Amino acid sequence: MIFRIIFIFISVFLYADDTLEVKALHFKADELKGIIELNENVEIKRGKDELYASKVIINIDKDRMPTNYSAYGGVDFVVVTKDNRILKGKANEVYYNAINGEYKLVGDSKVIEDGTTNAVTGEEIIINNDIGYVNITGTSKKPAKIIFKLEEGKTK
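Everything numeric in this text was worked out from a predicted model, so none of it was measured.

A closer look at the nonpolar core
Counting 23 residues, the largest nonpolar core has Leu 51, Val 56, Ala 71, Phe 77, Val 94, Leu 105 and Val 111 as its most contacted members. Contributions of two or more residues to this core are made by β3 (35–46), β4 (49–60), β5 (66–80), β6 (86–97), β7 (102–113) and β8 (119–128). Dropping the residues within four chain positions of it, Leu 105 is found in contact with Phe 77, Lys 90, Ala 91, Glu 93, Val 94, Lys 110, Val 111, Glu 123, Glu 124 and Ile 125.

Below is the structure:
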């Protein structure tokens, strides 16, 4: 049975071009439900991308391909974009839809572009880099905030 679980886990990430390194104190997989669950001190590294959380749940389809990821508990992450920008972020919860490429950060959320003043903060941040969509929601006590440097000399 343990070999079957390991096979499921490994096959979920075979689509990745980069090496995937996953660490956690507890690991559980249920092929019938299509769920892989990692608990306590979760670290996931794939290429230059990193994610740290207390708990991560990965939902997979019948072909064992990931459909969405959910990370909980003081989530910290580093993502390198296709154009090599480094984004560092944090949130109480992070959800990633592998089908449409959308990220949703919930609870005390913040994303900063490394080496710049560019940053967004809010209670909820939704980002889809593929379609160029960003939605930031704040609260009455802590409004959404965007900081970015204007590029001088570029006018329309």
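Next comes the rest of the account.
A closer look at the pattern of salt bridges
Inspection of the entire model under this criterion finds seven salt bridges. In this structure, Glu 21 engages Lys 23 in a salt bridge whose closest nitrogen and oxygen atoms are separated by 3.6 Å. Accessibility expressed as a relative area gives 38% for Glu 21, which makes it partly exposed. Ionic pairing is found between Glu 124 and Lys 104, a salt bridge with its closest N-O pair at 3.8 Å.

Quick notes on the rules
- Residues numbered from 1 in each chain as written.
- Predicted model: local features only at pLDDT ≥ 70, side-chain atom pairs only at ≥ 80, totals over all residues.
- Heavy atoms only, no water.
- Core = buried A, V, L, I, M, F, W, Y, C linked by side-chain atoms within 4.5 Å.
- Buried < 20%, exposed > 50% of the residue type's maximum accessible area, 1.4 Å probe, protein only.
- Helix = DSSP H or I, 4+ residues; strand = E, 2+ residues; numbered from the N terminus.
- Contact = heavy atoms within 4.5 Å.
- Salt bridge = Lys/Arg side-chain N within 4 Å of Asp/Glu carboxyl O.

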